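Chain by chain, the residues:
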Amino acid sequence: MELTYKGTKIKLILGDITKEDTEAIVNAANSSLLGGGGVDGAIHKAGGPKILEECKEIRKRQGKCPTGEAVITTGGNLKAKYVIHTVGPVWKGGNNNEPKLLANAYKNSLKLAHKYNIKTIAFPSISTGVYGYPKEKACIVALNAVKEMLDKLNFEEIRFILFSKYDFDIYKKTINQIY
Ligand code: ADP
């Protein structure tokens, strides 16, 4: 599934983000930046220890990464040259600024990518695992946040990597309503 919006190709892919060959992949990290389970664990495992070393350096310099913010490391052994680590919100029922914070995670990842002149980026479905954000709601926020940024910044390609058919179908159903 793919479309073009304001010159940027948008692709939905059912797969494992650690295998993507975009210049950057985005990690759904936690604010410690010191690794975790889910996609975070998979990225550190596939990318090797260099990514964690760089995360530790960032921790020393600037402390924890606040929710909605993003930091960047190299990609270690991954095909991707960079990993952008962003922290999505924990779902606490929806009245705790979750949509804004989730949108910020996508937007700040793209701002950082732009700063590094990165043209191709792959996103996982941030916050929809352990952090419990309802998948349909998260999908709408993700697609809208990226669209909003594409009104300002240009990229070659943005991929949404969905880890299950269920997630992929949600994106497929929703994307035409937003783009
Ligand atoms: P969070 O703590 O932000 O919820 P998780 O890693 O628990 O992060 O889950 C975020 C999403 O990433 C979930 O939809 C999960 O299915 C998905 N996911 C887990 N592993 C991978 C992977 N290797 N590639 C892409 N997506 C993944």
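Quick notes on the rules
The residue numbers shown here count from 1 along each chain, following its written sequence. This being a predicted model, a pLDDT of at least 70 is required before a residue's local features are given, and a value of 80 or more before pairs of side-chain atoms are given or counted; all residues contribute to the totals for chains, interfaces and linings. By the criteria applied, helices consist of DSSP H or I runs no shorter than four residues and strands consist of E runs no shorter than two, each listed in order from the N terminus. In this setup the radius of gyration rests on C-alpha atoms only. A globule is expected at 2.2 Å times the number of residues raised to 0.38. Note on burial: count the other C-beta atoms lying within 10 Å of the residue's C-beta; 20 or more is buried, 12 or fewer is exposed, in between is partly exposed, and C-beta positions come from the backbone. When DSSP finds two or more bridges between two strands, those strands count as paired. Only C-alpha atoms enter the line fits that serve as axes; for helices the fit covers just the stretch in contact. Angles between N-to-C directions range over 0 to 180 degrees. Note on contacts: residues are paired as contacts if their backbone-placed C-beta atoms lie within 7 Å. Here, nearness means that the C-beta atom of a residue, built from backbone geometry, sits within 6 Å of the molecule or strand in question. Three classes are used, and their members are as follows: Ala, Val, Leu, Ile, Met, Phe, Trp, Tyr, Cys and Pro are nonpolar, Asp, Glu, Lys and Arg are charged, and the others, Gly among them, are polar. Structurally, a nonpolar core is described as a collection of buried Ala, Val, Leu, Ile, Met, Phe, Trp, Tyr and Cys residues joined by way of C-beta atoms within 7 Å. Handedness of a crossover: with both strands directed away from the viewer, a clockwise path from the first strand across the helix to the second marks it as right-handed. Think of pLDDT as the predictor's per-residue confidence, scored from 0 to 100. Geometric relationships in this document are graded by angle, where less than 35 degrees denotes roughly parallel, more than 145 denotes roughly antiparallel, 65 to 115 denotes roughly perpendicular, and other angles denote oblique. Handedness of a helix crossing follows the sense of rotation of the near helix relative to the far helix, less than a right angle counterclockwise being left-handed and clockwise being right-handed.

### Some details on the overall build of the protein
Secondary structure assignment for the protein yields 5 helices and 7 strands. Mapped from its N terminus to its C terminus, the protein presents α and β elements in the order β-β-β-α-α-β-β-α-β-α-β-α. A globule of 179 residues ought to have a C-alpha radius of gyration of about 16 Å, and the protein, at 15 Å, matches this closely. The proportion of buried residues among the 179 residues of the protein is 45%.

### Focus on the pairing of strand S3 (residues 24–29)
Burial of S3 is extensive: 6 of the 6 residues sit out of reach of the surface. Side-chain alternation along S3 places Ala-24, Val-26 and Ala-28 on one buried face and Ile-25, Asn-27 and Ala-29 on a second face that is also buried. With 6 bridges joining them, S3 and strand S5 (residues 82–87) adopt parallel strand pairing. Opposite Ala-29, over in S5, you have Val-87 as the bridge partner. The sheet contact formed by S3 and strand S6 (residues 120–123) spans 2 bridges and is parallel. Bridge pairing in S6 links Ile-25 to Ala-122.

### Observations regarding the sheet that holds strand S1 (residues 2–5)
The 7 strands are arranged S1-S2-S7-S6-S3-S5-S4 in an open sheet whose pairing can be described as mixed. Both edges of this open sheet fall to S1 and strand S4 (70–74), since each of them pairs with a single strand only. Strand-to-strand twist in this sheet, taken as the mean axis angle between neighbours without regard to direction, amounts to 25°. Along the sheet face, helix H1 (residues 38–47) touches S3 and S5 and points at about 130° away from the line of S3.

### Section: the site of the ligand
The immediate surroundings of the ligand are formed by 20 residues, with Ala-28, Gly-38, Gly-129, Tyr-131 and Phe-163 found nearest. Per element, the largest residue contribution to the shell around the ligand is 4 residues, and it comes from H1. Here the shell around the ligand is composed, by residue class, of 10 nonpolar, 7 polar and 3 charged.

### What about the nonpolar core?
Among the nonpolar cores identified, the biggest contains 53 residues, and Ala-24, Ile-84, Ile-121 and Ala-142 are the most heavily contacted of them. Excluding its chain neighbours within four sequence positions, the residues that come into contact with Ala-142 are Tyr-106, Ser-125 and Ile-126.

### Overview of the pairing of S6
The two faces of S6 match: Thr-120 and Ala-122 on one face and Ile-121 and Phe-123 on the other face are all buried. Note that S6 and strand S7 (residues 157–162) share 4 bridges and pair parallel. Counterpart to Thr-120 in the pairing with S7 is Glu-157. Considered for its hand, the β-α-β crossover made up of S6, helix H4 (residues 135–150) and S7 is right-handed.

### Quick notes on the confidence of the model for the protein
Looking at the protein as a whole, the pLDDT averages 98, with 100% of positions reaching at least 70. Taking the mean pLDDT of every element in the protein, the minimum, 96, falls on S1 and the maximum, 99, on S6.

### Considerations on the packing of H4 against helix H5 (residues 165–178)
Viewed as axis vectors pointing N to C, H4 and H5 meet at an angle of 45°, and their least axial separation amounts to 9 Å. Classed by the angle they form, the pair H4 and H5 counts as oblique. Here H4 and H5 pass one another in a crossing that is right-handed. Contacts from Lys-135, Glu-136, Cys-139, Ile-140, Leu-143, Asn-144 and Lys-147 in H4 reach Asp-167, Ile-170, Tyr-171, Thr-174, Ile-175 and Ile-178 in H5. Taken together, the residues that form the contact of H4 with H5 break down as 7 nonpolar, 2 polar and 4 charged.

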